[in-house]
Protein chains: 2
Amino acid sequence: MSEFIKVVVDAMGGDNAPESNIKGTIDAINEADNVKVILVGLEEEINKELAKYEYNKEQIEVVNATENISCNEPPVMAIRRKKDSSIVVGMKLVKEGKADAFLSAGSTGAVLVGGQLIVGRIKGIDRPPLAPVIPTKKGVSLLLDCGANVDARSNHLLQFAKMGTAYMEGVIGIDKPKVAIVNIGVEEEKGNMLVKETYPLLSNCPDINFVGSIEARDIPNGDVDIIVCEAFVGNVILKLYEGVASTLISEIKKGLTSTFKSKIGALLCKPALKETVKKFDVEKYGGAPMLGLNNLVVKTHGSSTANEIKNAIFQCIQFNEEDIQRKIQDKISNND
Amino acid sequence: MSEFIKVVVDAMGGDNAPESNIKGTIDAINEADNVKVILVGLEEEINKELAKYEYNKEQIEVVNATENISCNEPPVMAIRRKKDSSIVVGMKLVKEGKADAFLSAGSTGAVLVGGQLIVGRIKGIDRPPLAPVIPTKKGVSLLLDCGANVDARSNHLLQFAKMGTAYMEGVIGIDKPKVAIVNIGVEEEKGNMLVKETYPLLSNCPDINFVGSIEARDIPNGDVDIIVCEAFVGNVILKLYEGVASTLISEIKKGLTSTFKSKIGALLCKPALKETVKKFDVEKYGGAPMLGLNNLVVKTHGSSTANEIKNAIFQCIQFNEEDIQRKIQDKISNND
């Protein structure tokens, strides 16, 4: 087969690298015969891991990269200086057309900076947003921007809404996904300056299905598909979602084992509770695409397991098959 | 006793008015003999409710107000036009020195506008923040501003930190309360323009115990006492806290009753779980003070029960006894 979809996997990024990254890669190619994974990182370590598995050699390539960018490094500096890091080497492969997507569980900052500086923006896109999905009662919603592009302007938010629409239609398969803007009330006159400026732009855009404001309280209900906001606010939402959910879950676990009676009860409830807890674990929804770049860049959670790496690789395949890049380009050029 | 602390209670505000408001008032005066409550609202309705109880008549006064401001009314207009509403009449009593505090479970917008326009700001305060406490693993943290003053400047945030410090020291009794600013990373160079401008002001202020940035993920841990942010962000945090906690709790309840086995388990766990759920119910922490006004204004949740009204009245007493107004004034004039 010559028409592989080529996904670069940062073999060295994340808390469980390289083991989980390579296990996830093996699982992905064993399930999908149309993907080729390019593992970038310390060749020796990668090959040592690969030796543990049986797999179709045609579907994996190893590219050596001797440096690593840690999460604590200032990202702009790291991307500029560490030319032989797995992120820089991997992204260059995407930039040069040797691969279709880049996937990393490493430094979010470095991935965001590298995405812009190396992979580059689609013409007409000012700010490529980081767009994770968050769990809701009804499924998931796309939240963008959660990246590092703080202090955005209204036309950036309009672009986020368009890109999010292309993504939710193409990758998640939702027809006319509902778009809302994060606000501190549902009335049109409410909000800060940015929201007040953005609201009419969203209202008047024929390319999206804008339904108005959403208050943070209602986000977990899942009534809208795409939630648009400035990156500082998006980051607060994403992280608070994680924080409140994990704190509450740990407190509930503590409560469940606080008395003898409740301990017995907890044993009986465990399987049923596990499902709920899993559903609201933001970390499990791994792959957040960085939209609006010349090719796909996906950031998975730092603590990604093999299963999450595998799912993120599948996400890259679907992104490519659905030609989301072109759909985003179309949406942006339509109304600019 | 002539030296009563006088608290105005908006008898008509909230979903359970006037019943809960009056029951809460009765419970408060029966427990505290140094408080006098002035109930403002429809005299006839109030007196009908009061007739149900035995109480010391000296501790309750009724002031008639024939209009009501609903939560859906544009607040500025409502405060200007409805001169005979319970909020306007009640706040005027505070303004004129006939009472020490004003308490309402009614329209948040109207309370915030009325606080500024009628009760008035302390000299030197530019923006009086709404400062609710939110539940954490270790107790509570004060979150300010959660009001309607969006697009704040750095010197406003500095004032929030000082006012929050006076409040947490005086009312909650915490020595040198830790202050943090909401940020999207813990490093000093991270953040949006507002945070970057505010950070050094907080660092260099001798009147507060500034400990740096806090990411939204860490808010539920309760490691800091005072969380400072701009009102749009504060509103998002407060409401998302409520939204995620209540959604998760309802999903867990659903999970617990999803199988026969889990139903039995749920019965055994119920008392233990109830404690945890109660602890994380933001709505139960009712009284959010609006700080920096010439007198105290407290907003309790729209769905306030009699117990929450009672607790908010006690909060007003403590605010007065600890002379928080003067302490705020001192902190502000110290470093301006």
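Above this text you will find the structure in question.
The model shown is predicted, which means the values in this text are computed figures rather than measured ones.

Asks: A description of the relation of the copies chain A and chain B should follow, citing residues and the corresponding values.
Replies: Mapping chain A onto chain B calls for a rotation angle of 180° and an axial translation of 0.0 Å; the resulting RMSD is 0.1 Å. The symmetry that links the two subunits is that of a two-fold axis. Among all residues of chain A, the one whose C-alpha sits closest to the rotation axis is A:Gly265, at a distance of 1.9 Å. Here 100% of the interface residues in chain A have copies in chain B that are interface residues too; the copies meet face to matching face.

Asks: Hey, could you go over the sheet that holds strand β9 (residues 226-228) of chain B for me, with residue numbers and the actual values?
Replies: Residue and element names in this part refer to chain B. Reading across the sheet, the five strands line up as β5-β6-β9-β7-β8 and stay open at both edges, with mixed pairing between neighbours. Edge positions in the open sheet fall to β5 (133-136) and β8 (209-215), since each of these has one partner strand only. Across this sheet, the average inter-strand angle for adjacent strands is 30°, counted without regard to direction. Looking at chain direction, strand β6 (residues 139-144) and β9 are connected through three bridges and run parallel. Among the inter-strand pairings, Leu 144 is bridged to a residue of β9, identified as Val 228. Against the sheet, helix α8 (residues 231-256) touches β5, β6 and β7 (178-183), its axis set at about 45° to β5.

Asks: Pulling in residues and values, what's your account of the sheet that holds strand β5 (residues 133-136) of chain A?
Replies: Pairing between sheet strands relies on hydrogen bonds along the backbone, with the strands arranged either parallel or antiparallel. Residues and elements named next belong to chain A. The sheet built from five strands is open, its strands ordered β5-β6-β9-β7-β8 with mixed pairing. A single partner strand is all that each edge strand has here, and the edge strands are β5 and β8 (209-215). If you compare each strand with its neighbour and ignore which way they point, the axes differ by 30° on average. Where β5 and strand β6 (residues 139-144) come together, four bridges link them in antiparallel fashion. Looking at the pairing, Ile 134 lines up with Ser 141 of β6. Packing of helix α8 (residues 231-256) onto the sheet brings it into contact with β5, β6 and β7 (178-183), and relative to β5 it is tilted by some 45°.

Asks: Explain the pattern of salt bridges residue by residue, including any values.
Replies: Counted under the stated rule, the structure contains 26 salt bridges over all chains. With its nearest N and O atoms 4.0 Å apart, the salt bridge here joins A:Arg217 to A:Glu215. By relative accessible area, A:Glu215 is classed as buried at 11%. A salt bridge links B:Asp323 to B:Arg326, with the nearest nitrogen and oxygen atoms 3.0 Å apart. Taking relative accessible area as the criterion, B:Arg326 reaches 39% and is therefore assigned partly exposed. The structure contains a network of salt bridges with shared partners spanning A:Glu215, A:Arg217, B:Lys239 and B:Glu242.

Asks: Explain the nonpolar core to me, and be specific about the residues and the numbers.
Replies: Side chains that are nonpolar tend, in soluble globular proteins, to be buried together. Counting 178 residues, the largest nonpolar core has A:Ile237 and B:Ile237 as the members making the most contacts within it. In this structure A:Ile237 touches A:Leu143, A:Val182, A:Ile219, A:Cys229, B:Val236 and B:Leu240, once residues within four positions along its chain are discounted.

Reading the values: rules and limits
Residues numbered from 1 in each chain as written. Chains lettered and ligands numbered in written order. Predicted model: local features only at pLDDT ≥ 70, side-chain atom pairs only at ≥ 80, totals over all residues. Heavy atoms only, no water. Least-squares fit on C-alpha atoms with pLDDT ≥ 70 in both. Contact = heavy atoms within 4.5 Å. Pairing = 2+ DSSP bridges. Helix = DSSP H or I, 4+ residues; strand = E, 2+ residues; numbered from the N terminus. Axes fitted to C-alpha atoms, helices over the stretch in contact; angles between N-to-C directions. Salt bridge = Lys/Arg side-chain N within 4 Å of Asp/Glu carboxyl O. Buried < 20%, exposed > 50% of the residue type's maximum accessible area, 1.4 Å probe, protein only. Core = buried A, V, L, I, M, F, W, Y, C linked by side-chain atoms within 4.5 Å.

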